[in-house]
Amino acid sequence: MLRANIPAGLEHIEGLGLEMLNKSDLKLINEITMDVLENVGIETKDPEALQLYADAGCEVDFEKCVAKIPEYLVGDALRSAPGRVRLAAIDKKKNLVLRSGPYVNWAPFGVGIQCLEFDANGKHKVRASTEADLKKSMTICDWCDGFSVADPTIAARDWTEKGRADLHEVQIALCNTTKPFTFGEPESDGFDDYFEMAKIVYGGDEELARKRPLINVCNCPTSPLQICENSTQITIKAARRMIPDVVISMSMAGGTGPITLEGTLLTQNAEVLAGITLAQIANKGAPVTYGSATTIMDLRRGTASGGAPEMALLSAAVARLSQFYGIPCGDAAGCWTDSKVPDAQAGFEKGMTGMIPALAGANLIFGGGLLEMGQTISLEQLVIDNDVIGMIKNLLKGMHVTESRLSLDEIEEVGIGGHFISRASTRKNMNEQSNPLIFDRNMRGSWERNGAKDAALAAHEKVEWILENHNPCGLDRDVVKDLEAFVARRDKEFLK
Amino acid sequence: MTVKDEIIEKAKNSILDFDEDMAEKAAHEALKEGISPLEVIEKGFTAAMEFIGGQFEKGELFLPHVLAASEAMNAGIAVLKPEMEKRSEESKSLGKVVIGTIEGDIHSIGKEIVASMLGIAGFKVIDLGKDVAISRFVESAQKFKPDIVASSALMTTTMVCQVQLEEQLKEAGIRGQVKTMVGGAPCTQKWADQIGADIYAENANDAVAKAKALVA
C-alpha cells in the first residue's frame, strides 16, 4: 500500500485560519493611516501628553490641543513596542504571554453595569450590578477553563459615592482569581493605590510588584481621533511603570467613524497607533498592545451593535493589522451580542463574532458573559460562552494531515464492518473531541429525564454548582485582610 | 500471594488495562495451574468489569473504555470456554438475550454497544449481527430460549420489520415465552406500544436498566 514520504515544511499549515486582508491591503491601510496621523493629527487636552508628543518630534498646536505625528515616530514606536507581552497571574503557572501571531486566547467582557439575575425556574430580571455580583463573576471566570484571563466583568455600583469603587473592584479581583486580569475601569489617579495593593499581595515586596504587575489596565481613545486626559494619563503612567496596557478603540462605523468598514478600520487604527506611540515615547519598550471594540452604529436604531457581522469583520481585520505591525492584539471584541437574554440571538451572534476574529488569529478575544452590547453581564452566559469558546478552540485545530493521523494501520486492522470504539487509539485520542458542558448532546429521552432544561437553565445549575464548590482565592487570609483594611482606609479618606 | 491469587490479579488487571493479550495469557496460566475457569471469570474478569461499569456510570470512563474492557474479557473467556464445558461449569448470568439489527438494516453500531453493555451487566448475549432475517430471530429464540429478543432499526423503512418479528414470534407460538425489546433512532415508546413490544430502550444504559428490571 502507498506510504507517504516525509514532507518538507512547505505550505504546511496546522489548524484552520482566515486569511482576510492581503499584504497590499494592509500596506495601503497603513500608508493612509500615516497620512491621517501626520496631516489631521490627534487631539488631547492633556498638557503632559502634548508635551511628550512635541518633545518627540510631533508638530503640536498647543492651543488647539492637536498633535500631528510623523510617520517615522509611529514606525519607531512599532519597532520598540514588544512582540510579546506577559500578563502576570497570582499563580505563576497561569501567566499569559500575548504573542504577535495567530495565537488565540479568550477573556470575559469588562465592564458591564447591570446583572441579569436568574432564578431556579429560569425567570430572569435585570438590575444594577454590585460587588457581590463581581465576586461571583470572578469565581466563575476563574473556574471556566475557556478563559485564559479573568477580567472583572461588572462594576461594583453599590460602592459608587460610598467609597472607592475602583479599589473595591481591584480587591475583589485579586482575592477571587489566580488568573491574570485587566482592570477595565482604572482611574489615572489610582495607580499608586493599585501598586500598593499588588505590593500587599506580594507580601510587601516592591521589586516583585514592579516586575510582575498584577493589575493590568486598558484605555479607550474617543473616536474620531481624540484621546481624553484620563486615557492619555493611563497610557503614560502604565508605560512608565511597565504595566501592560491595551489601547482599545471603540469606533462606530457610520457614527464616530466613516460609514465604510474600511474607513472606520482606518480611523480606529490611527487612534490606537497614536496611543501606542505615546506609550513608547513615555517609555521605550513599554508593554502596550493593540485593542479594538470597533463596530457599527446601527443607524436605524441609533445603537452600537455588539452582535453585528460587521463587528466580527472589524475584529478580524484588527487581528490581521496587529500581526502586520508585529505587536500583540491584546483585546479584540468577540463573542458579543445585542440580545438581552441568553437566547437564540445570543447564541448565533456570539458564535459568529467569536469565530471570525478567532480564525483571523486575534490574540485575546473578549466578550464572555456579555449581553446587550456590554451593558449587562449574566453569570449563566459566562458558563455558556465557556462552551462556545471550547467549541471554537476545536474549530481552530482544523485538520492536521499526517500519515499517522490518516490511520491506515487502524483501518487495515479493523477492516470491513466492525467499529473503532474499542481501539486503543480511540481511547488515547478521545480527549481531542469537543466536549461541551452545557450544550446538550443527549437523545431526547435522556434530556427529558434530566429535566428537559434549555441552555440557560442548565447553565444556571452549573453556576450554582461552581459558586458552591469552587474556591478561587489564591491568597493567604492575612493578605486578604490587609487588602480589605487598605481599601477601608481609602474609603474613609474618600468620604472626608 | 499464592499463584492462584496472582493469576486472578492478572486477569483483573488485564481488564483494567484493556489488554486482550494479557487477558488471554492470564486465562492460559489459569488452565495450566488447574484453577477453576469459573473462579477466574468471577473473581478476575467480572470483578474488574464491575469496577469499569461503575466508573462508566459515574462518568469517569466512557464507551471506548467499556467496550475495550469487554473485548479483553471476551478474549479471556474464549480461552477458558473449552475447559468450562469439560467441567460443565456455567457462569452465572442475569438472563439470556438474543439481539440483532433487523432485516434490511445494516446500521449495527448502536446494537453492538447495547449488546456489549448487556454482556457487561451480566446477561448472556447471543448477537445475531446485522441484516438479520426475521426467521433467524425466531429460530434463535426457539433454540436458545432467551428471556429477551431485542431488535434494532435505524430507518423508518426497516423499523416496520419489527412488526413482523412480533407477528412471527406469535405464529411460532413462543411470543408468550419471551419479552421483546426494540431500539434505534426512529423507535420511540409510542412505537413499542403500537406494535406490542415489551420494552423500548433509548440507548444502551436504558436497555440495561430495563432488561435488569425485567429479570429482577
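Residues numbered from 1 in each chain as written. Chains lettered and ligands numbered in written order. Predicted model: local features only at pLDDT ≥ 70, side-chain atom pairs only at ≥ 80, totals over all residues.

Colleague: Any chance you could break down the pairing of strand β6 (residues 105-108) of chain A for me, citing the residues and the numbers?
Modeller: All names here are of chain A. A two-sided burial pattern is seen for β6, the buried positions comprising N105 and A107 on one face and W106 and P108 on the other. Where β6 lies against strand β17 (residues 364-368), four bridges are found, and the strand directions are parallel. Along β17, the bridge assignment pairs P108 with G368. (Buried ≥ 20, exposed ≤ 12 C-beta atoms within 10 Å, placed from the backbone. Helix = DSSP H or I, 4+ residues; strand = E, 2+ residues; numbered from the N terminus. Pairing = 2+ DSSP bridges.)

Colleague: Any details on the confidence of the model for chain B? Residues and values, ideally.
Modeller: Residues and elements named next belong to chain B. For chain B, per-residue confidence averages 93 on the pLDDT scale, and 100% of positions sit at 70 or higher. Helix α5 (residues 109-121) is the least confidently modelled element of chain B, averaging 90 in pLDDT, while strand β3 (residues 148-152) averages 97, the highest of any element. Taken over the whole predicted complex, pTM reads 0.90, whereas the ipTM for its chain interfaces reads 0.81. (pLDDT = per-residue confidence, 0-100.)

Colleague: I'd like to hear about the sheet that holds strand β14 (residues 295-298) of chain A, residue by residue, with values.
Modeller: Residue and element names in this part refer to chain A. The strand order across the open sheet built from three strands is β12-β14-β15, with neighbouring strands paired in mixed fashion. Two strands in the sheet have a free side with no partner beyond their single neighbour: β12 (252-253) and β15 (303-304). Pairing analysis gives two bridges linking β12 to β14, with the strands arranged parallel. Note that in β14 the partner of M252 across the bridge is T295.

Colleague: Could you give an account of the environment of S100 of chain A, with specific residues and numbers?
Modeller: All names here are of chain A. With respect to the element layout, S100 can be found in the loop between β5 (96-99) and β6. Here the alpha-carbon distance between S100 and L278, two residues 178 residues apart in the chain, equals 20 Å. Those residues in contact with S100 that lie beyond four places of it in its chain are G83, S322, Q323, G326, I327 and P328. (Contact = placed C-beta atoms within 7 Å.)

Colleague: Could you give me a rundown of the packing of helix α8 (residues 229-240) of chain A against helix α9 (residues 261-282) of chain A, with the residues and numbers involved?
Modeller: All names here are of chain A. Between α8 and α9, the least distance of the axes is 8 Å, while the angle of their chain directions is 40°. Taken together, α8 and α9 sit at an angle that is classed as oblique. Crossing hand, α8 versus α9: right-handed. For the pair α8 and α9, contact is made by T232, T235, I236, A239 and R240 and by G275, L278, A279 and A282, respectively. (Axes fitted to C-alpha atoms, helices over the stretch in contact; angles between N-to-C directions. Parallel < 35°, antiparallel > 145°, perpendicular 65-115°, else oblique. Left-handed = near helix turned anticlockwise from the far one by under 90°.)

Colleague: So what's going on with the sheet that holds strand β2 (residues 123-127) of chain B? Which residues, and what values?
Modeller: Residue and element names in this part refer to chain B. Across the sheet, five strands lie side by side as β2-β1-β3-β4-β5; this open sheet has parallel pairing. The open sheet has two edge strands with one neighbour each: β2 and β5 (199-200). Pairing of strand β1 (residues 95-101) with β3, which is carried by five bridges, proceeds in the parallel orientation. Its bridge partner being in β3, V97 is matched across the sheet by I148. Lying on the sheet, helix α10 (residues 204-215) is in contact with β1, β2, β3, β4 (179-183) and β5; it crosses β4 at an angle near 170°.

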